[in-house]
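Okay, here's what each chain looks like letter by letter:
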Amino acid sequence: MRILLTRPLHEFAVREMRKRHLVEVHAGRSPMSKKLLISRIADKEGLLCYPYDRIDKEVIEAGANLKAISTYSVGYDHIDIKAASRRGIVISYTPEVLTDATADHTMALMLDLFRRVSDGDKMIRRGRWTTILGPYDFLGTDLHGKTLGIFGMGRIGMAVAKRARGFEMRIIYHNRKRVPSTLERRLDARYVSLDELFRKSDVVSIHAPHSAGTNDMVGMSLLKKMKKASFLVNTARGRIINENDLASALKSGTIAGAALDVFREEPLSIHSPLIKLENVILTPHIGSATSETRREMAEIAVKNLLLSLSGKKPIYQVRAG
Ligand code: DGY
């Protein structure tokens, strides 16, 4: 069968696919344009794509022979799942393997916000460390003893909770469904309403999937509920936050700071209002970017695709609805 790979992937993974299939790889470092994607997908049975590829209804319709779509990501909001499922296309993704890497990155961002690691680095590089710091200079905030509000208690939310307990934080969470009480006890996490989550947390960390229901959900009305000294962290999807509202909240001191790994449009434009703000830490969507994790993701994405193309169940299947 014919497979389209929208971006180069680990050599071992491409080799595996080439053992039994014809693989076309879109070379280069920028994502395929929609026009190119539509023209290349027409004769393919399999598609291995990335979160940057918009696999909408039009693309799916253009792939008249498509049997399987495998995304190299845990998120699948870039795929029109309904349109693909109506066509009987099997959709698969790569959860679990990136849970720990993403949770680690979340903690790195949180620690940076509280302890001003990036700030300190910038200060030195800009030549502004000119005197020995006194007892009131360059103060951060204690992380231990603070309340972490987890929005979205799925795999990654739980992995963050586990780590945060090690830092002696208090954990509250909000989720569509409350998690079983045994898990709550194990994580030492208390279920609260969305309103309470934003009011009580010293730092809110977002781990919900992006959907029509969460799109733009974190806007001014939730941000205004937060404490003035609190922080917001997002390693999930940029579209969950209204970025203009967040920029205003950061500028006006409604909240103290934010750390973002994901954005509404990626790469983030240099003209984004977030860029000029000193109280926001920005990383380029690297939550899962460790060599170990990315390799495991490649292995699973390929296994998923090959299983689906041979009529078997992939390891991780996305179901419509
Ligand atoms: C994912 O897998 O969805 C992460 O955001 C990395 O792309």
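Residues numbered from 1 in each chain as written. Predicted model: local features only at pLDDT ≥ 70, side-chain atom pairs only at ≥ 80, totals over all residues. Heavy atoms only, no water.

Quick look at the packing of helix H1 (residues 11-18) against helix H12 (residues 291-309)
We apply this condition: Comment: axis = line fitted to C-alpha atoms, over the contacting stretch for helices; angle = value between 0 and 180 degrees taken between N-to-C directions. Strands are runs of DSSP state E lasting at least 2 residues, helices are runs of H or I lasting at least 4, and numbering of each runs from the N terminus. Here is the rule for angles: anything less than 35 degrees is roughly parallel, anything more than 145 is roughly antiparallel, 65 through 115 is roughly perpendicular, and the remaining ranges are oblique. Crossings are classed by handedness, with left-handed meaning an anticlockwise turn of the near helix from the far one by less than a right angle and right-handed meaning a clockwise turn. We call two residues contacting when some pair of their heavy atoms lies within 4.5 Å.
The geometry of H1 relative to H12 is characterised by a closest axis approach of 9 Å and an angle of 10° between their N-to-C directions. Between H1 and H12, the interaxial angle falls into the category roughly parallel. For the element pair H1 and H12, the recorded crossing hand is right-handed. On H12, the residues that touch Phe12, Ala13, Glu16 and Met17 of H1 are Arg295, Ala298, Glu299, Val302, Leu305 and Leu306.

Side note on the side chain of threonine 99
Convention followed: Here the term buried applies to any residue with accessible area under 20% of the maximum for its type, exposed to any over 50%, and partly exposed to those in between, with areas from a 1.4 Å probe on protein chains only.
Relative to the helices and strands, threonine 99 is located in helix H5 (residues 99-115). The class of threonine 99 is buried, set by a relative accessible area of 9%. Not counting chain neighbours up to four residues away, the residues in contact with threonine 99 comprise Arg155, Ile156 and Ala159.

Description of the environment of arginine 163
Convention followed: Nitrogen and oxygen atoms within 3.5 Å of one another constitute a polar contact, given that in protein one can donate a hydrogen and the other can accept it, and given that sequence-neighbouring residues count only through two side-chain atoms.
Relative to the assigned elements, arginine 163 resides in helix H7 (residues 155-166). Counting along the chain gives 60 residues from arginine 163 to alanine 103, while the straight-line C-alpha distance between them is 7.9 Å. Beyond its immediate stretch of four places on either side in the chain, arginine 163 contacts Asp100, Ala103, Asp104 and Met107. At a separation of 2.7 Å, a polar atom in the side chain of arginine 163 contacts the side chain of aspartate 104. A polar contact of 3.0 Å, which involves the side chain of arginine 163, links it to the backbone oxygen of alanine 159.

A few points about the pairing of strand S6 (residues 147-151)
The condition that has to hold: Think of it this way: DSSP has to see at least two bridges between two strands before they count as a pair. By convention, a crossover is right-handed whenever its connection, traced from the first strand over the helix to the second and viewed with the strands pointing away, goes clockwise.
Within S6, 5 of the 5 residues are buried, leaving the element largely enclosed by the surrounding structure. Residues Thr147, Gly149 and Phe151 point to one face of S6 and Leu148 and Ile150 to the other, with burial holding for every one of them. Note: S6 against strand S7 (residues 170-174), 5 bridges, orientation parallel. What sits directly across from glycine 149, in S7, is isoleucine 172. Running through H7, the crossover from S6 to the neighbouring parallel element S7 is right-handed. Pairing between S6 and strand S9 (residues 203-206): 4 bridges, direction parallel. Paired with glycine 149 across the strands is valine 204, a residue of S9.

Some remarks on the site of the ligand
Selection rule: Consider each residue's heavy atoms; a residue with any of them within 4 Å of a molecule or strand counts as near. Accessibility throughout is a Shrake-Rupley quantity obtained with a 1.4 Å probe, and a residue counts as covered only by protein chains that appear here. The residue classification treats Ala, Val, Leu, Ile, Met, Phe, Trp, Tyr, Cys and Pro as nonpolar and Asp, Glu, Lys and Arg as charged. All others, Gly included, are polar.
Neighbouring residues of the ligand: Pro51, Ser73, Val74, Gly75, Leu98, Arg237, His285 and Ser288. Glycine 75 has a polar backbone atom sitting 2.9 Å from an oxygen atom of the ligand. In the complex, 88% of the free accessible area of the ligand, which totals 230 Å², lies under the protein chains. Of the residues in the shell around the ligand, the class split is 3 nonpolar, 4 polar and 1 charged.

Thoughts on the sheet that holds strand S1 (residues 2-5)
Here we have 6 strands laid out as an open sheet, ordered S2-S1-S3-S4-S5-S13, and mixed in their pairing. Unpaired on one side and paired on the other, strand S2 (22-25) and strand S13 (317-318) mark the two borders of the sheet. Taken together, the 4 bridges between strand S3 (residues 46-49) and strand S4 (residues 68-71) define a ladder with parallel strand orientation. Among the inter-strand pairings, leucine 48 is bridged to a residue of S4, identified as serine 70. Across the sheet, H1 is in contact with S1, S2 and S3; its angle to S2 comes to roughly 145°.

Here's the deal with the packing of aromatic side chains
For the record, the criterion: Note on aromatic contacts: the rings of Phe and Tyr and the six-membered ring of Trp form a pair at centre separations within 6.5 Å, being stacked when their planes are under 30 degrees apart, edge-to-face when over 60 apart, and tilted otherwise. Counted as over-ring charges are cases with an Arg CZ or a Lys NZ within 6 Å of the ring centre that also lie within 35 degrees of the ring normal.
Tallied over the entire structure, the rule returns 5 aromatic pairs. Taken together through their ring pairs, the aromatic side chains of Tyr76, Tyr93 and Tyr316 make up a single cluster. Just above the ring of phenylalanine 138 sits the side chain of arginine 116; from NZ or CZ to the centre is 4.0 Å. The ring of phenylalanine 12 has arginine 295 lying over it, and the distance from NZ or CZ to the ring centre is 4.1 Å.

Focus on the sheet that holds strand S8 (residues 189-191)
Taken together, the 7 strands give an open sheet; going across it, the order is S8-S7-S6-S9-S10-S11-S12, and neighbouring strands pair in parallel fashion. Where the open sheet ends on each side, the last strands, each with one partner, are S8 and strand S12 (280-282). The average undirected angle you get between the axes of adjacent strands in this sheet is 20°. Contacts between H5 and the sheet are confined to S6, S9, strand S10 (231-234), strand S11 (257-260) and S12, with S10 contributing the most and set at about 155° to the helix.

Section: H1
Going by this rule: The arc in question is the one traced by the directions running from the helix axis out to the C-beta atoms.
Restricting attention to buried positions, one finds in H1 the residues Ala13, Val14 and Met17. Looking straight down H1, one finds that the buried residues subtend no more than 95° of arc, so they occupy a single side. Summarising the geometry of H1, the exposed residues directed more than 90 degrees from the buried face are Glu11 and Arg15.

Brief notes about the pattern of salt bridges
Counted only if it meets this: Salt bridges are defined by distance alone: a side-chain nitrogen of Lys or Arg within 4 Å of a carboxyl oxygen of Asp or Glu.
Across all of its chains, the model carries 26 salt bridges by this definition. A salt bridge links lysine 57 to glutamate 61; the shortest N-O distance between them is 3.8 Å. One end of the pair, lysine 57, and the other, glutamate 61, are both in helix H3 (residues 57-62), 4 residues apart, so they sit about a helical turn from each other. A network of salt bridges, in which partner residues are shared, links Arg2, Glu24, Arg40, Asp43 and Lys44.

In short, shape yes, function no, at least from these values alone.
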